[in-house]
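What the coordinates show
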Amino acid sequence: MGTAPSKKKEFEYVVLFDEYFIIKKSKVLIYRENYGLQIGTQRWLKQFIGISPKDEIVYGENIAAISGATISASSMTRAVNKVLKTIELLQQKEIL
């Protein structure tokens, strides 16, 4: 679970992993703005499924951009990438 910035506020999200730390599902839990709600759709969020800590995700390249939700979508992408890199670091240190 985490918090990421949207245009003027923040939103809460969760990323669920399988036992191999591959993303199983991601979800926007609370979104507080009128614009950018598209990041909460499963159609957009499903592109995170199957990504592992060894993968690099980049908004607008291997994660689709969303017109009207640029700030929130890029923020969600950065947040998920940060979670993945944290897991990768913990794996390298044999903590996970």
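First, a word on what this report is: a plain description of the structure on this page. The shown structure was predicted, so the numbers you read here are calculated from the model rather than taken from an experiment. (Residues numbered from 1 in each chain as written. Predicted model: local features only at pLDDT ≥ 70, side-chain atom pairs only at ≥ 80, totals over all residues. Heavy atoms only, no water.)

An ideal rise of 1.5 Å per residue puts 33 Å on 23 residues; helix H2 (residues 70-92) measures up with 33 Å between its terminal C-alpha atoms. For H2, the full list of buried residues reads Ser72, Ala73, Ser74, Ser75, Met76, Thr77, Ala79, Val80, Asn81, Leu84 and Ile87. In this structure, the buried side of H2 is in contact with strand E1 (2-5), strand E2 (10-17), strand E3 (23-30) and helix H1 (42-45). One or two residues past the end of H2 sits Glu94, with phi positive at roughly 60 degrees. (Helix = DSSP H or I, 4+ residues; strand = E, 2+ residues; numbered from the N terminus. Expected span 1.5 Å × (residues − 1). Buried < 20%, exposed > 50% of the residue type's maximum accessible area, 1.4 Å probe, protein only. Contact = heavy atoms within 4.5 Å.)

Tracing the backbone shows Ser72 in helix H2. Residues in contact with Ser72, not counting those within four places in the same chain, are Pro5, Ser6, Lys7, Phe11, Tyr31 and Ile39.

This next bit is on the nonpolar core. Ranked by size, the top nonpolar core spans 21 residues in total, and within it Phe11, Ile39, Trp44, Phe48, Met76 and Val80 carry the most contacts. The set of elements that each furnish at least two residues to this core consists of E2, E3, H1 and H2. The dominant element in this core, judged by the number of residues it contributes, is H2, at five residues. When neighbours within four sequence positions are excluded, Ile39 is seen to be in contact with Phe11, Val28, Tyr31, Trp44, Leu45, Ile66, Ala69, Ser72 and Ala73. (Core = buried A, V, L, I, M, F, W, Y, C linked by side-chain atoms within 4.5 Å.)

The sheet built from three strands is open, its strands ordered E1-E2-E3 with antiparallel pairing. Looking at which strands have only one partner, the edges of the open sheet turn out to be E1 and E3. When the angles between neighbouring strand axes are averaged without regard to direction, this sheet yields 35 degrees. Where E1 and E2 come together, four bridges link them in antiparallel fashion. (Pairing = 2+ DSSP bridges. Axes fitted to C-alpha atoms, helices over the stretch in contact; angles between N-to-C directions.)

So, about the environment of Leu45. With respect to the element layout, Leu45 can be found in helix H1. Taking relative accessible area as the criterion, Leu45 reaches 1% and is therefore assigned buried. Among all residues touching Leu45, those that are not within four sequence positions of it are Ser26, Lys27, Val28, Ile39, Gly40 and Met76.

Moving on: the pairing of E1. Every second residue of E1 is oriented toward a common face, the buried set being Gly2 and Ala4 and the non-buried set Thr3 and Pro5. In sequence, E1 turns back onto E2 through a hairpin of four residues.

Both E2 and E3 contribute to a ladder of six bridges, which runs antiparallel. By the bridge assignment, Glu12 is partnered in E3 with Ile30. In this structure, the hairpin formed by E2 and E3 is closed by a connection of five residues, where Phe21 is found at a positive phi of approximately 65 degrees.

This next bit is on the packing of aromatic side chains. Scanning the model with the defined rule gives three aromatic pairs in all. Relative to Tyr31, the ring of Phe11 has its centre 5.7 Å away and its plane inclined at 40 degrees; by these criteria the two rings are tilted. With Phe11 in strand E2 and Tyr31 in the loop between E3 and H1, this pair connects stretches of sequence that are 20 residues apart. By the burial criterion, Phe11 is buried, and Tyr31 matches it. Taken together, a centroid distance of 5.4 Å and an interplanar angle of 80 degrees make the contact between Trp44 and Phe48 edge-to-face. Neither Trp44 nor Phe48 differs from the other in exposure class; each is buried. Taken together, Phe11, Tyr13 and Tyr31 form an aromatic cluster joined through their ring pairs. (Phe/Tyr/Trp six-rings, centres within 6.5 Å; stacked < 30°, edge-to-face > 60°.)

These results come straight from atomic positions and should not be treated as a statement about function.
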